[in-house]
Amino acid sequence: MAFDSIFKAGLFQGHTVIVTGGGSGIGRCTAHELAALGAQVILVGRKPEKLAKVATEITEDGGTAHWQACDIRDEEAVKALVTQLIHAHGPIHGLVNNAGGQYPSPLASINQKGFETVLRTNLVGGFLMAREVFNQSMSKHGGAIVNMLADMWGGMPGMGHSGAARAGMDNFTKTAAFEWGCAGVRVNAVAPGWIASSGMDTYEGAFKAVIPTLREHVPLKRIGTESEVSAAIVFLLSPAAAFISGSTLRIDGAASLGSRAWPLHKAQPPSEAFNGFHRAYLPDVLKGEQ
């Protein structure tokens, strides 16, 4: 089997695209789709074993993938990484700033270290990767960057550190699009809502118990798939988005809209999901619920 992308074969032939956080979840799915469309994919993350596994999957499926472990929160490490990748693989045409992480907690219980750690992972690391890819490569030949946000438009109760970081990344996306446009560099972002991804299995306690009920708070009455996020990222990287820059695309089934004054009704008929990822699997927390 192969990735069932809606985009034409060979769309990214001859292109090199970095995917951070490519060892699992949305990053893994996006890397597979880009490779299936001809891109040379470079997986970046902190855990070599996960990166190597995904690279092997892509190779088995006929794609081209390399990997390099790096802590994107480390400025000097990021500088060295980008230099090394350009030397080994040539110009960087695309960057998917997907790496991130957070943990559930009310604001009153988050200490300074925890708050700063999440900001460094979800905001500072993405900035460092984008800056170095721009300075060392894209400033010379153009390119496209897609940053990862989340549904934080009405605040992010229970994960205020992540909400602050994602809001910052939204603004960074707009600023970078404006400042780097003269070099032919487009910068956009995607903001997924609740997506059936391996990341859901990292949560414990009360939040884990809530996950199976999340679909009831989505107008489309379901949770999204990794493929639906990946397709949006691929579009923003593609020539079809050549005049789109500084935008954030919400992928949340309209969950970020409306108010309690307008109650949600049952979907008739239920919304149909798109899932083109042949290696996708349902998170354990959702098994038996869909």
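In this text the structure is predicted, and so the values were computed from the model without any measurement.

Focus on the pattern of salt bridges
At step 1: Going through the model one piece at a time under the given rule, you end up with 11 salt bridges.
At step 2: In this structure, Arg279 and Asp61 form a salt bridge, with 3.0 Å as the shortest nitrogen-oxygen distance. Residue Arg279 is found in the segment after strand S9 (248-251), and its partner Asp61 is found in the loop between helix H2 (48-60) and strand S3 (64-69); the two are separated by 218 residues along the sequence.
At step 3: According to the relative accessible area criterion, Asp61 is partly exposed, its value standing at 29%.
At step 4: Asp71 is the partner of Arg73 in a salt bridge, and the nearest nitrogen-oxygen pair spans 2.9 Å.
At step 5: Sharing partners across several salt bridges, the network here consists of Glu60, Asp61 and Arg279.

Some details on the packing of aromatic side chains
Aromatic ring pairs are described here by two measures, namely the spacing of the ring centres and the angle between the planes.
At step 1: According to the stated counting rule, one finds 4 aromatic pairs in the structure shown.
At step 2: Considering the side-chain rings of Phe134 and Trp180, the 4.3 Å spacing of their centres and the 5° angle between planes classify their relative orientation as stacked. Separated by 46 residues along the polypeptide, Phe134 in helix H4 (residues 112-141) and Trp180 in helix H5 (residues 160-180) bring together distant segments of the chain.
At step 3: Ring centres 6.3 Å apart and planes at 85° place the aromatic pair Phe172 and Trp180 in the edge-to-face group.
At step 4: These aromatic residues form a ring-pair network of at least three members: Phe127, Phe134, Phe172 and Trp180.

With respect to the pairing of strand S1 (residues 16-20)
At step 1: Among the 5 residues of S1, 5 are classified as buried, and the element is accordingly described as predominantly covered.
At step 2: Burial along S1 is two-sided: the residues Thr16, Ile18 and Thr20 and Val17 and Val19 are all buried.
At step 3: For S1 and strand S2 (residues 40-45), the ladder comprises 5 bridges, and the chain directions are parallel. Bridge pairing in S2 places Val19 opposite Leu43.
At step 4: Running through helix H1 (residues 25-36), the crossover from S1 to the neighbouring parallel element S2 is right-handed.

Calculation criteria
Residues numbered from 1 in each chain as written. Predicted model: local features only at pLDDT ≥ 70, side-chain atom pairs only at ≥ 80, totals over all residues. Heavy atoms only, no water. Salt bridge = Lys/Arg side-chain N within 4 Å of Asp/Glu carboxyl O. Helix = DSSP H or I, 4+ residues; strand = E, 2+ residues; numbered from the N terminus. Buried < 20%, exposed > 50% of the residue type's maximum accessible area, 1.4 Å probe, protein only. Phe/Tyr/Trp six-rings, centres within 6.5 Å; stacked < 30°, edge-to-face > 60°. Pairing = 2+ DSSP bridges. Right-handed = clockwise from strand over helix to strand, strands pointing away.

None of this, on its own, says anything about what the molecule does.
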